[in-house]
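# Per-entry structural report
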Amino acid sequence: MPSLLLFTFSERLDKGFFRVLATQQAKSDSCLEKNKDSLIDESLSKNQTSTTISKVNTKKAIEVINQLVADKVIAKYAIGGAVGALFYLEPTNTEDIDVFIHLEPIAGSLLVTIDPLLKKLEALGYSEWENDKIVIEGWPVQFLPAATLLEIDALESAIKHELEPGLITYALMPEFLMAIALACGRPKDKVRLEQFEHQNAYDPDTLHRILIKHSLDQKWENFKLSLKGE
């Protein structure tokens, strides 16, 4: 499946796209976040009030995450959420990056903690927080240790993408993005599911196998019925 990101993500986000930061945002987590995604270009930002406009550097943000892997701070990662969906869907709005990660236990211990990752980022100069996300090159990034079997399978099956020569990243498969969205069930997750469905941007057989394994097949059937009732 061709990556739309080659034409949207690294080019358009890094050439004039701006992020609007709301002055007041609700605290959120990977499945309970209530904020609407928002990514607008500079011309649209002229109509905004009570916001702070921040230039983002997507390429640099990915390079920083790759460095965390190279330095063995995290074992592996894959981009999920709305940004991960940009690899397979037409451009959509987002205000942060969800990064699923696998952490190795601390040497000589069975304890797994995100503290070494945060200390490394602080050493690299990234210590600003926006709610529960750390800001890297203008992007609020939420690092999500894969905890459920679905998330672990999704991370293990991540796809390698070359954004440009010498710059690679990893994203969840479209079918796993859909399964996680289905499991979370937020309004914006349902919108993303509709996009995947309407754009035929997934493999039905692969999705079916994933949904059966993780007992999400009935949720999918209910979602499909809701589309027919639109």
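Now for a description of the structure that goes with this document. Keep in mind it's a predicted model, so treat the numbers as computed, not measured.

## Thoughts on the overall build of the protein chain
- When you go through the protein chain residue by residue, the secondary structure sums to ten helices and ten strands.
- Relative to its full complement of 230 residues, the protein chain shows a buried share of 46%.
- Within the protein chain, contacts between residues separated by at least 24 positions form 72% of all contacts whose residues are at least 6 apart in sequence.
- Accessible surface, the protein chain: about 11900 Å² in total, of which carbon and sulfur atoms supply 52%.

## A word on the pairing of strand β7 (residues 133–136)
- The two faces of β7 match: K133 and V135 on one face and I134 and I136 on the other face are all buried.
- The pairing of strand β6 (residues 129–130) with β7 spans two bridges and is antiparallel. Along β7, the bridge assignment pairs W129 with I134.
- Taking the residues between adjacent antiparallel strands as the criterion, β6 and β7 are bridged by two residues, where N131 takes a positive phi near 55 degrees.
- Examined bridge by bridge, β7 and strand β8 (residues 139–145) share three bridges and lie antiparallel to one another. Opposite V135, over in β8, you have P140 as the bridge partner.

## A look at the nonpolar core
- L121, I136, F143, F196 and W220 are the most contacted members of the largest nonpolar core, which totals 57 residues.
- Examining the composition of this core, we find that eight residues originate from one element, helix α7 (residues 174–184), more than from any other.
- Look past the residues within four positions of W220 in its chain and what remains in contact with it is M178, L182, L193, E197, Y202, L207 and L211.

## Let's talk about the environment of E104
- Its location among the elements puts E104 in the loop between β5 (97–102) and α5 (115–123).
- Once the C-alpha coordinates of E104 and A75 are considered, the two residues, 29 residues apart in sequence, prove to be 6.4 Å apart.
- In this structure E104 touches A75 and V112, once residues within four positions along its chain are discounted.

## Quick word on the side chain of D98
- Here D98 shows up in strand β5.
- Within the buried set, D98 has no salt-bridge partner at all; the shortest N-O distance to an opposite charge, 5.2 Å, is to R186.

## Comments concerning the environment of P174
- Residue position: P174 is located in helix α7.
- Taking the C-alpha atoms as reference, P174 lies 8.4 Å from F87; in sequence the two are 87 residues apart.
- Excluding residues within four positions of it along the chain, P174 makes contact with Y88, I159, F196, A201 and Y202.

## Digging into the packing of helix α6 (residues 149–156) against α7
- The N-to-C vectors of α6 and α7 enclose an angle of 160 degrees; their axes lie 10 Å apart at closest approach. Taken together, the axis directions place α6 and α7 in an arrangement best described as roughly antiparallel. Here the hand of the crossing between α6 and α7 comes out left-handed. Touching L150, D153 and A154 of α6 are F176, A179, I180 and A183, all from α7.
- Of the residues contributing to the contact of α6 with α7, the split by class is six nonpolar, no polar and one charged.

## Quick notes on the pairing of strand β10 (residues 167–171)
- The alternating pattern of β10 places L167, T169 and A171 on a buried face and I168 and Y170 on a face that is not buried.
- Two strands pair when backbone bridges link them, and strand β9 (residues 159–164) and β10 are joined in this way by five bridges, in the antiparallel orientation. If you follow I159 over to β10, its bridge partner there is A171.
- Hairpin connection from β9 to β10: two residues lie between these consecutive antiparallel strands, with G166 at a positive phi of about 90 degrees.

## A word on the environment of K224
- Of note, K224 is situated in helix α10 (residues 217–228).
- Note: C-alpha distance between K224 and E197 (27 residues apart in sequence) is 9.2 Å.

## Here we look at the packing of aromatic side chains
- Enumeration over the complete set of coordinates arrives at four aromatic pairs.
- Aromatic pair F87 and Y88: ring centres 6.1 Å apart, planes at 45 degrees, arrangement tilted. Like F87, the residue Y88 is buried in the burial classification.

## With respect to the pattern of salt bridges
- Applying the stated rule across the entire model yields nine salt bridges.
- D71 is the salt-bridge partner of K120, the closest N and O atoms lying 3.2 Å from each other. Highlighted residues: K120 in helix α5 and D71 in the loop between α3 (58–70) and β4 (76–80), separated in sequence by 49 residues.
- Residue classification places K120 among the partly exposed positions, given a relative accessible area of 25%.

Cut-offs applied
- Residues numbered from 1 in each chain as written.
- Predicted model: local features only at pLDDT ≥ 70, side-chain atom pairs only at ≥ 80, totals over all residues.
- Heavy atoms only, no water.
- Helix = DSSP H or I, 4+ residues; strand = E, 2+ residues; numbered from the N terminus.
- Buried < 20%, exposed > 50% of the residue type's maximum accessible area, 1.4 Å probe, protein only.
- Contact = heavy atoms within 4.5 Å.
- Areas by Shrake-Rupley, 256 points an atom, 1.4 Å probe, with all protein chains shown as cover.
- Pairing = 2+ DSSP bridges.
- Core = buried A, V, L, I, M, F, W, Y, C linked by side-chain atoms within 4.5 Å.
- Lys, Arg positive; Asp, Glu negative; His and termini not counted.
- Salt bridge = Lys/Arg side-chain N within 4 Å of Asp/Glu carboxyl O.
- Axes fitted to C-alpha atoms, helices over the stretch in contact; angles between N-to-C directions.
- Parallel < 35°, antiparallel > 145°, perpendicular 65-115°, else oblique.
- Left-handed = near helix turned anticlockwise from the far one by under 90°.
- Nonpolar A, V, L, I, M, F, W, Y, C, P; charged D, E, K, R; others polar.
- Phe/Tyr/Trp six-rings, centres within 6.5 Å; stacked < 30°, edge-to-face > 60°.

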